[in-house]
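Coordinate analysis (summary)
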Amino acid sequence: MQKTRSSSRREFLAVTSTVLAATVPSLAAEEPTIGQVIERIIGQCAGKPLAQTVDTLKTGDPSWKVKGISTTFMATREVIEKTVQRGFNFIITHEPTFWNHTDDTSWLAQNPVYLSKRRLAEDNKIAIWRCHDYWHTLKPDPVVAGLAKALGWEKYMDPEGRGICTIPPASLQELAAHFKEKLGLQAVPAVGRKDLACRRVALIVGASPGRPQINLLSRPDIDALVVGDINEWEGCEFARDAVQAGMGKGFLVLGHAPSEDPGMKYLAEWLSPQLPGVPIVHIPANSPFHFFL
Ligand SMILES: [Zn+2]
C-alpha cells in the first residue's frame, strides 16, 4: 500500500459506471455461478477456450454462486481481505496468485507464505480466477485503453490503439508529475533530461522484453517511452546510451502494477452492465514498493 493515497478513494462501484454499455444480453440469473461468469468473459474475448492459457481457477469451485466480484491486478493478501470484508467471493486477477506465470505450486508445498495465503482464500471461500490471456485478446487492448483512460489520454492515442499518443507539449519532468498524480505514484524512475520536450509518447503496459522497448524508442517520431516493468539491463540502458549520445529521448518506469491496474478497473466497468444484481468493484493492488526518499 502506498501511503500517498487512500486505496478506498480509488476503489469504485463499477455498478454506477456508465462508461461502457454491454453489447450482449446480460446474464438473467441474479446469482450466476463462478463458471458462468468465466464462460461469459471467455465467450466475449477469445470466443472459445484457448488451447493453452494461464487463465485458470486458482482457488474455489466453478459451481459456487457469485456473491460479488473484485477485479484487480494481483490477488494480494490485502485484496483477498478487502474482498472478504465486502462479503464478495470472487476475485478476477490479471497476474498470478502464487508468484510464477503458471501458478505452479508443487515447489511451494511446505512454504509458509504460500500455505497461509491459500488458507486465507479457502477458509473464506474465495474463488480466484486469472484473466490475463483472454483480456489481452480484445482489440484494442483494454489494458492499454484502461491506462490511457486513467491518464485522460484517450483523445491523444493513435487510432490503432497501440499506446502511441500525441500529447500537448510537456517536459519529461512534467510528464512524470502527471503520472504521479493520475496513478497515485510516490516516484517515477526516469532516464533523460528533465527539460526534454515531449510530444509523441509511447505507452507499454505490463512486462515487455527489451527489444520492443528499444525499437519503439528508436523511432524518430517518439520522444519518450513509458513502460510498466523492465529488465534494468535492457530498455533503460539503451535509453541511457541514447541520452549520452546526445539524442533527445526520455524513458519513464511506472511499475507493472500501476501500469495494468487501470486495465482491470476497465474490466469491472465492462463486466458490470452484463451482470445486473452482481456487485462488482475494482480493488487496486498498487505497487508492492514504498520508497525510502
Ligand atoms: Zn497484462
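Residues numbered from 1 in each chain as written. Predicted model: local features only at pLDDT ≥ 70, side-chain atom pairs only at ≥ 80, totals over all residues. Heavy atoms only, no water.

1. Regarding the confidence of the model for the protein chain
- Residues at a pLDDT of 70 or more form 90% of the protein chain, whose mean pLDDT is 91.
- Long-range and interchain partners of residues 1–22, a stretch whose pLDDT sits below 50, account for 53 contacts in this model, where long-range means more than four residues apart. (pLDDT = per-residue confidence, 0-100. Contact = heavy atoms within 4.5 Å.)

2. Here we look at the packing of aromatic side chains
- Counting across every chain of the model gives 6 aromatic pairs.
- Between Phe98 and Tyr114, the ring centres sit 5.0 Å apart and the planes meet at 80°, which makes this aromatic pair edge-to-face. Taken as a pair, Phe98 in the loop between strand 4 (90–93) and helix 4 (112–123) and Tyr114 in helix 4 lie far apart in primary sequence, 16 residues in all.
- Between Trp135 and Tyr266, the ring centres sit 6.4 Å apart and the planes meet at 50°, which makes this aromatic pair tilted. Taken together, the residues Trp135 in helix 5 (residues 133–137) and Tyr266 in helix 10 (residues 256–271) connect sequence positions 131 residues apart. As far as the burial class goes, Trp135 and Tyr266 line up, both buried.
- Counting every residue linked through ring pairs, the aromatic cluster contains Phe98, Trp99 and Tyr114.
- Between the NZ or CZ atom of Lys155 and the centre of the ring of Tyr156, over which it lies, the distance is 4.8 Å. (Phe/Tyr/Trp six-rings, centres within 6.5 Å; stacked < 30°, edge-to-face > 60°. Helix = DSSP H or I, 4+ residues; strand = E, 2+ residues; numbered from the N terminus. Buried < 20%, exposed > 50% of the residue type's maximum accessible area, 1.4 Å probe, protein only. Lys NZ or Arg CZ within 6 Å of the ring centre and 35° of its normal.)

3. What about the pattern of salt bridges?
- All chains considered together, the criterion is met by 9 salt bridges.
- In this structure, Glu122 engages Arg118 in a salt bridge whose closest nitrogen and oxygen atoms are separated by 2.9 Å. With a gap of 4 residues between them, Glu122 and Arg118 both fall in helix 4, about one helical turn apart.
- A salt bridge links Asp221 to Arg200, with the nearest nitrogen and oxygen atoms 2.8 Å apart. (Salt bridge = Lys/Arg side-chain N within 4 Å of Asp/Glu carboxyl O.)

4. Considering the sheet that holds strand 9 (residues 224–229)
- Across the sheet, 5 strands lie side by side as 6-8-9-10-7; this open sheet has mixed pairing. The sheet is open, and its two borders are formed by strand 6 (164–171) and strand 7 (190–191), each paired with just one other strand.
- The sheet contacts of helix 7 (residues 172–183) involve strand 6, strand 7, strand 8 (197–207), strand 9 and strand 10 (250–253), and relative to strand 6 the element is tilted by about 115°.
- The sheet contacts of helix 8 (residues 210–218) involve strand 6, strand 8, strand 9 and strand 10, and relative to strand 9 the element is tilted by about 165°. (Pairing = 2+ DSSP bridges. Axes fitted to C-alpha atoms, helices over the stretch in contact; angles between N-to-C directions.)

5. Examining the coordination of the zinc ion
- Note on the zinc ion: its protein donors are His94 (NE2), His136 (NE2) and Glu260 (OE). The metal-donor distances range over 2.0 to 2.1 Å.
- Written as a sequence motif, the donor arrangement for the zinc ion is H-x41-H-x123-E. With His94 in the loop between strand 4 and helix 4 and Glu260 in helix 10, this pair connects stretches of sequence that are 166 residues apart. The same class applies to His94 as to Glu260, namely buried. (Donors = N, O, S within 2.8 Å, 3.2 Å for Na, K, Ca; no water.)

6. Some thoughts on helix 8
- Those residues of helix 8 that fall on the buried side of the exposure criterion are Gly210, Gln213, Leu216 and Leu217. Down the axis of helix 8, the sector holding all buried residues measures 135°, keeping them to one side. Exposed residues lying more than 90 degrees from the buried face of helix 8 are Arg211 and Asn215.
- Contacts from the buried residues of helix 8 go to strand 6, strand 8, strand 9, helix 9 (235–244) and strand 10. (Arc of directions from axis to C-beta.)

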